[in-house]
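# Residue-level structural notes
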Amino acid sequence: MSVADLWTFKLPTAVTLGNGCVRQLPQIAVAHGARPLLVTDRELVRLPPFACVQEMLPGVPVFSDVTPDPTVASVDALAAQLRAGRHDVVVAIGGGSAMDCAKAAACLVAGNLPSIRAVHSEGVPLGSAHLPLIAVPTTAGTGSEVTPFAVLSDTEKQIKGPIAGDALYPVHAVVDPELTHSLPRKITVVTGLDALSHAIEGYWSRNHQPICDLMAIEAARLICANLKRAAQQPGDAEARSAMSCAATLAGAAFQLPKNAMVHACSFPLSARYHLAHGTACAFTLEEAIRFNAPVMGERMTSFLRGIGLASAEELTALIHELKQLGGLPCTLRDAGIPTADIPSLARESFHPLMRNNPRTMTEADLVTMFERLA
Ligand code: ZN
């Protein structure tokens, strides 16, 4: 695609970003409804970032039964609580899990489906109706606060994958970097490398477009310059602000072009071996850069120049260093994946996102890639 090609950019989500901006939540919530419900996950409900948000909306009921890989069952349970309480606005606080579960439930409650499973794995299209949803990220990673996707797991069917549709765009993203200051090192790295994957994949997707390209480059530049610092010095306000900004920019950068091979490969890695989403993306990221960079020519050179690195090798070395810093698996053995699983893993990595990859990927290429990671 060149800049002369036809493209459409949109981002229907309002974004408010900056230290302390969570204090604007009361006005933002009241603009969208009178009966809010706070949604968060089982862990975060006991931690300071949630308390900080709850202080802004005292007395508002809470749903906190979101599991780390949100399931269709969590979505259905949340939709039932939204209906029972006749809530008219959803405030989702957390990482991707809480936001994705809440986004899906905000759609489910406004439609007539009994379960989100119908959309997730039975081919029923997501309708356009939804409750307004305000997204308050507490990690700098997923970008879910500005995307029309929700990644869900169906434990009964053993399927993990995204649902997509404009109804999943949050109405407002409230991105307060101060909520990320208490994140431990490993989560900082895992989520930060997910954001880097979004920036890289949004940029190299076959559907890339100029506005998203700009955001992808800036997001990757910020991550390359700040993720190590945020991981090593958790209270470094400047690094944390840069990472929050980068994660939201990266979300906006891939939400239209969509991801490619790194995310396609991440789904079976998460579903079968329970790797966290960012860990699963980081697992193949360096190999994906080595595979795709040779076909990208001038576009790869511009990307690297824009993020302040001299070569693709410098980028893969930095990613490797970050993975080691966060204690992430770098080999199949580290990840507890038997080499005997390589053929089936390669087969299951052909999620439709694979079609966005700039270089055509075959099953044999994937087997080779996983063998290199053994
Ligand atoms: Zn991701």
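Anything mentioned here points back to the structure above.
For a metal bound by four donors in tetrahedral geometry, the ideal donor-metal-donor angle is 109.5 degrees, whereas six donors in octahedral geometry ideally sit at 90 or 180 degrees. For the zinc ion, every protein donor is listed as D194 (OD), H198 (NE2), H263 (NE2) and H277 (NE2), and the spread of their distances is 2.1 to 2.2 Å. Geometry at the zinc ion is irregular, judged from its four donor atoms and the angles of 85 to 164° they form at the metal. Sequence spacing among the residues donating to the zinc ion works out to D-x3-H-x64-H-x13-H. Of this pair, D194 sits in helix α6 (residues 185–204) while H277 sits in helix α10 (residues 277–296); the two residues are 83 residues apart in sequence, bridging distant segments of the chain. On the basis of relative accessible area, D194 is assigned to the buried category, the value being 5%.

Attention now moves to unusual backbone geometry. Look at R86: it is not a glycine, yet its phi comes out positive at around 45°. Here R86 is to be found in the loop between α3 (72–84) and β4 (89–94). Positive phi, close to 70°, is recorded for K258, a residue that is not glycine. Here K258 is to be found in the loop between α8 (237–254) and α9 (261–273).

Taken as a whole and judged by the stated rule, the model has one cavity of 30 Å³ or more. Considering only enclosed or pocket space, the largest cavity measures out at about 40 Å³ in volume. Elements represented by at least two residues in the lining of the largest cavity include exactly α6 and α8. For the lining of the largest cavity, the per-class residue count stands at four nonpolar, two polar and one charged.

It is worth spelling out the sheet that holds strand β1 (residues 14–17) at this point. Strands sit in the order β1-β8-β5-β4-β2-β3 across an open sheet of six strands; the sheet is parallel. The two strands at the open ends of the sheet, each matched to only one other strand, are β1 and β3 (62–66). Adjacent strand axes in the sheet meet at a mean angle of 20° when their direction is disregarded. Relative to strand β8 (residues 172–175), β1 is paired through four bridges, and the arrangement is parallel. When the bridges of β8 are listed, L17 appears paired with V175. This element, helix α2 (residues 48–56), spans β2 (36–41), β3, β4 and β5 (133–137) of the sheet and lies at about 175° to β2. Contacting β2, β3, β4 and β5, helix α4 (residues 96–108) crosses the sheet at an angle of about 165° to β4.

Looking now at the layout of surface pockets. Reported here for the second largest pocket is a volume of approximately 240 Å³. What lines the second largest pocket is Q158, I159, K160, A264, F267, P268, A271, R272, E348, F350, H351 and P352. Among the elements of the structure, β7 (159–164) and α9 are those that each provide at least two residues to the lining of the second largest pocket. Counting residues per element, the lining of the second largest pocket draws most heavily on α9, which supplies five residues. Its residues placed into classes, the lining of the second largest pocket shows seven nonpolar, two polar and three charged. Each of domain 1 (14–179) and domain 2 (183–372) accounts for three or more of the residues forming the lining of the second largest pocket.

The next thing to look at is the packing of aromatic side chains. Overall, the coordinates contain two aromatic pairs when judged by the stated rule. Relative to F254, the ring of F149 lies with its centre 5.7 Å away and its plane at 20°, an arrangement referred to as stacked. With F149 in strand β6 (residues 149–154) and F254 in helix α8, the pair connects residues that are 105 residues apart, well separated along the chain. Across the pair, F254 and F149 agree in class, each one buried. Considering the side-chain rings of Y203 and F303, the 4.7 Å spacing of their centres and the 40° angle between planes classify their relative orientation as tilted. Of this pair, Y203 sits in helix α6 while F303 sits in helix α11 (residues 298–307), placing them 100 residues apart in sequence. Judged by relative accessible area, which is 4%, Y203 ranks as buried. The ring of Y203 carries the charged tip of R299 above its face, separated from the ring centre by 4.0 Å. The ring of F291 carries R359 above its face, with NZ or CZ at 4.1 Å from the centroid.

What counts, and at which threshold
- Residue numbering note: each chain is counted from 1, following its sequence as written.
- This being a predicted model, a pLDDT of at least 70 is required before a residue's local features are given, and a value of 80 or more before pairs of side-chain atoms are given or counted; all residues contribute to the totals for chains, interfaces and linings.
- No hydrogens and no water enter the side-chain calculation; it runs on all heavy atoms of the structure.
- Note on donors: an N, O or S atom is included if it sits within 2.8 Å of the metal, or within 3.2 Å for Na, K and Ca, and water is never included, so sites can look incomplete.
- Metal sites are grouped by the angles between bound donors: all angles between 85 and 135 degrees with four donors is tetrahedral, opposite donors over 155 degrees apart with the others between 65 and 115 is square planar for four donors and octahedral for six, and any other pattern is irregular.
- Under the DSSP-based scheme used, a helix requires at least four consecutive residues in state H or I and a strand at least two consecutive residues in state E, with every element numbered from the N terminus.
- For each residue, the accessible area found with a 1.4 Å probe, counting protein chains only, is set against the maximum for its type, and the residue is called buried under 20%, exposed over 50%, and partly exposed in between.
- Space inside and on the surface of the protein is sampled on a 1 Å grid over the protein atoms alone, with a cavity defined as a set of points where a 1.4 Å probe fits but cannot get out and a pocket as an open set with protein on both sides within 12 Å along at least 5 of 7 lines; lining residues have an atom within 4 Å of a point.
- Grid points are joined across faces, edges and corners, and a volume is the space filled by probe spheres set on the points.
- For this classification, the nonpolar set comprises Ala, Val, Leu, Ile, Met, Phe, Trp, Tyr, Cys and Pro, the charged set comprises Asp, Glu, Lys and Arg, and every other residue, Gly included, is treated as polar.
- For two strands to pair, DSSP has to find at least two bridges joining them.
- Note on definitions: angles span 0 to 180 degrees between N-to-C directions of axes, and those axes are lines fitted to C-alpha atoms, for helices only across the stretch in contact.
- Pairs of residues are marked as contacts when any of their non-hydrogen atoms sit within 4.5 Å.
- Domain delimitation in this document rests on an assignment produced automatically or drawn from a domain database.
- Stacked, tilted and edge-to-face are the three classes assigned to paired rings of Phe, Tyr and Trp, where Trp is represented by its six-membered ring and a pair needs centres within 6.5 Å; plane angles under 30 degrees give stacked, over 60 edge-to-face, the rest tilted.
- Each ring is checked for a lysine NZ or an arginine CZ that lies within 6 Å of its centre and within 35 degrees of its normal; such an atom marks a charge sitting over the ring.

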